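Secondary and tertiary structure notes
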Amino acid sequence: MPETPFPKLESDVLAKWQQLDLNLLVEKISTDRAKQFVFFDGPPFTNGLPHYGHILAGTIKDAMVRYHLLKGEGVKIQFGWDTHGLPVEYEIEKELGLKSKTDIEMFGIDTFTAACEASVLKYEKEWQSTIVRMGRLGDVEHPYTTMQRDYMESIWWVVKTIYDRGLLTNSFKSLPYCPRCATPLSNFELNQGYKDNIPAETVYVKFKRRGTENSYFLAWTTTPWTLPGNAALAVNPDADYVVIKTDKDEYYCIAKERQESLGIVGEVVVTKSGRELADERYEPLYPEAGDFDVHNYPEGSAYKVVAADWVSLSDGTGIVHVAPAFGEDDLQTGQQDKLPLLKTLDDQGHMLAPEFVNGDWFEKANPKITADLVERNLLFKQEHIEHTYPFCWRCDTPLIYLATPAWFVDVSKVKDQLLANNQKINWVPEHLKDGRFGKWLEGARDWAISRNRYWGNPLPIWHCQACDQFQVFGSTTELQAKQCNDTPLANLHRPYIDLVEVHCGCGGIAKRIPDVLDCWFESGAMPYAHQHFPQDFGGDIEQFMRKKERPADLFGASGDKRIGEETIRQTAQSGRFPATFIAEGLDQTRGWFYTLHVLATILADTPAFENVIVNGLILAKDGKKLSKRLKNYPPVEEIFGQFGADSLRWFLLGSPAVEAEEVRFSSEAVQDVMRKRLMILLNTLHFYTTYSQLHALPVSAGMAWPEAKSFLNRWFVSRVDGALSDIDTAYGGYRLPRAVRALGELVEDLSLWFVRRSRGSVRADAEKSEAVETLTVLRVALLKMAHAILPVAPFFAEHLYQAVSAGSGEKSIQLSAWPETLEVSIPLLNEMANTRLVISHLLRLRQEHNLPVKQPLALAKIDTVVGPEAIQLIKDEVNVLAVQLLEPGEQPPVGKGSPTSASTPVWLDTLITPELTRMAEERELVRTVQKMRKQAGVNYDQSVSLCLITESKSLLEELRERLRGYEERLHLTSISNSSADDDLISESHARSEVVVGGQTVPLILTG
């Protein structure tokens, strides 16, 4: 692929920014500005390399930051890294060859967490390099990290505040659980790992009814490994159930509604409602599993039929096998009916019972249990299905639902506040507010925030076994006040914090619970933690707790203290919270956006952010996901090296991906943006530079329009200011694709209409005042457009600004202000639009009649009233000698030209006279000479000579006649002729052929 100028251009601009220390200059001007644009940059994990998804989100963020700086607002840009959590632990386990939590503890928690800490910033330099190269503002050398002590301490305050408000509870619930990582997940983490078309074996099991010889309840399950944990069979209380005698003298009890689907034929001997079946007994499949009852319930509490409203009649048998240890509905039913909880699986996914599968990974137990049921004649039938199943988003292990003790944020208690605060947020695209995000809030469940792991922020909760009471600490100061040993608090990570013991009010000693926090909790708390709030906002946390007495608690209880609320309000007033703007991918509606929203609602009853742009997914050009293994996308460095970061940014910000849609990515698409946008702008800049030097245009960075006299210049002034107003509105409304589209249309009008039509007015032989006016209009337009382009393509915007202002403006365009605009002349814009429409119709007629534009025509008639300057534009563009207005009802001469129609209300005289042919040849001759000058590479003001290769004096005179009047424009000093063997030919700069007097003859150009 040919080399492009933009990578070098961007390298030079980047060097200039670094020399200026632009980030420091931006920080200084931001500090002095009254209005603050508060921006939170979500912390990514740096244990992997940045990809196009990160670049997309980062470009959106940077675009909005740069725009608001231009609008005179201050912005604090703080990068940060997520450093805790299972993603890090999983990588270290693989690196060290550790297979389980037991392996970690034998290896040593201190050594393991040290290895995690050493690895988390593995790719920090690569992240920093990519962020800088893509043109983002901000200091990447001094980020915050979630493992910093100050950050961790602020998280403790968040936990303590939630606990004090009665919204943090310790309970036993059925949670999605990763047996590989041996820890539960939150419900929004669950949604990140679903896979489709996962094979499974559905088994229909015969549970023998107690006291019978050959009568069975038929129940079904897709997880045979849970059958040893069976404690009951659930039926729908309002459904009818039948007992069917089959030709094998076996009796099957199923829901009447399911008989036909199951294909069970036989005599119905009994019909009962589900409610009547309740409390009937059956024989356990694996009696030995009773030894694993967590509750130690008395004998007789298990192996009975229970009624449950959740039992479906749309599949299965209408009878559901209930294993309280392994399912949400199962656990709830078990708690209501006081069923034993038979935990026949250990925390790392290995079976504990029955004996023949003891120690097996749960999935490997399925075929063994099925085979055992077959051997004992307890399997009615088996079916292969494919279904959607959740996998761990970190390690890709199949998840299970496991009854687990954990600490929960009681999100369900604040659901109304969550929904109300969501209505205060401007979502882009808007449908996410009440759609994906709003519906997720409507179904919000309590948030399991504890993890039975090692590398994370330890839950600041201490438990006294003597009185079974908990103490939660919101700062190290609070902890030290209760500490009863001398363990230092320099490192708040495990295992060091585990050694700290505290006094309990009962006189006993409390020890910290072993859990760490969900890493999503840490990222959701970043608005407070990255600023060390509240510790850096007034000192001791106790001072904040006394700030304000609330008349009534927002969440039900009255008369309590709203811990830290006033401080948060002060923070909001000082411009630090909530965020004016954030941006991330669509998946974060159930991730970072959600955790930010939950915590801000609980802590301050406010949204954490006011505006959010949600981006979609970038796919390969074949529509598949980007895959390193498939190598179906070009590396980021390759795109930067070929087309530059600006081309990539322009493509991304103008794509549907900015509106939460999918977009296919290819190097060809980026190249197309470079060619149709940046290359056009670069060529326009070259045009301006060339002719501004020719006419000695004064250097200026001013953006006040000159007094425009010509129709084209007056139109372009309104065109630019109208576009800037539209772009300003789009940026201000967080509608980046709209801004990019408007920019693209303006670039096209700049090049294909204004510059092209202005070439004649800025030639060396043009009138001085006319040339200065046009070039001044162009200069102001380029300066204004540089500002509009800055959020999208900052490198080129800087280059354009500096080149046009020639050092007379700010050190950087980023330090200047968004341009002011004049009132747009709508009549003028409409007149030009009508003129261009007429031209389009006439050119189409020429094409239909095979009349090339270089051939002049005598007359065009139009039905649109436009001014004389517009008429001249039509003449020039269509190459006609006269333009007349079609009178109402006028019928143009038949047979002389092209007829009008409803869709094309114009007419052309298509008759080509000898004089028109001569004019065409003359204009083609001038065009040919201009082309030869360009081919020879001579300067625009360099004089040249022409020589016609002919011995005909008449042809020579004809050539001179046709070029008479063009000598000054073409800088011709002489026109001569020569024979074909003349030595002059070898000295020629360029040669071509021209038509003179109806004959085609060679022509050479010499200096």
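Just above, that's the structure.
Before going into details, it helps to say that this report is about the structure given with it. (Residues numbered from 1 in each chain as written. Predicted model: local features only at pLDDT ≥ 70, side-chain atom pairs only at ≥ 80, totals over all residues. Heavy atoms only, no water.)

**Here's the deal with the packing of helix α25 (residues 667–694) against helix α27 (residues 736–758)**
The test is simple: Working convention: axes come from line fits to C-alpha atoms, limited for helices to the stretch in contact. Angles between N-to-C directions cover 0 to 180 degrees. Secondary structure follows DSSP: runs of H or I at least 4 residues long count as helices, runs of E at least 2 residues long count as strands, and numbering of each begins at the N terminus. An angle counts as roughly parallel when it lies under 35 degrees, as roughly antiparallel when it exceeds 145, as roughly perpendicular when it falls between 65 and 115, and as oblique in every other case. The crossing is said to be left-handed when, going from far helix to near helix, the turn is anticlockwise and less than a right angle, and right-handed when the turn is clockwise. By definition, residues are in contact when any of their heavy atoms lie within 4.5 Å.
Where α25 contacts α27, the two axes come as close as 10 Å, and the packing angle between them is 40°. The angle between α25 and α27 places the two elements in the oblique class. Here α25 runs over α27; the crossing is left-handed. On α27, the residues that touch Lys676, Arg677, Ile680, Leu681, Thr684 and Phe687 of α25 are Gly744, Val747, Glu748, Leu750, Ser751 and Val755.

**What about the sheet that holds strand β18 (residues 461–464)?**
Here is the rule: When DSSP finds two or more bridges between two strands, those strands count as paired.
Read from one edge to the other, the open sheet built from 4 strands follows the order β19-β18-β21-β20, with strand pairing classed as antiparallel. Because the sheet does not close on itself, it has two edges, and the strands there are β19 (469–472) and β20 (501–503). Each adjacent strand pair in this sheet contributes to an overall mean axis angle of 35°, direction not counted. As judged from the 2 bridges shared by β18 and strand β21 (residues 509–512), these two strands associate in the antiparallel manner.

**Section: unusual backbone geometry**
Heads up, the condition is: With a 1.4 Å probe rolled over the protein chains alone, any residue whose accessible area is under 20% of its type maximum counts as buried; one over 50% counts as exposed, and the rest are partly exposed.
Omega for the bond connecting valine 428 with proline 429 falls within 30 degrees of zero, at 5°, which places this linkage in the cis form. Structurally, proline 429 is set in the loop between β15 (426–428) and α15 (431–434). Non-glycine residue aspartate 605 carries a positive phi angle of around 50°. Residue placement: aspartate 605 occurs in the loop between α22 (592–604) and β24 (609–615). According to the relative accessible area criterion, aspartate 605 is partly exposed, its value standing at 24%. Although it is not a glycine, tyrosine 734 adopts a positive phi angle of roughly 60°. Here tyrosine 734 is to be found in the loop between α26 (711–732) and α27.

**Quick notes on α26**
To keep it simple, the criterion reads: Here a helix's expected span is defined as the number of its residues, less one, multiplied by 1.5 Å.
Helix length check: α26 (22 residues) gives 31 Å between terminal C-alpha atoms against 32 Å at 1.5 Å per residue, within 8%. Burial of α26 is extensive: 17 of the 22 residues sit out of reach of the surface. Just past α26, the residue tyrosine 734 takes up positive phi, approximately 60°.

Geometric values such as these leave the question of function open.
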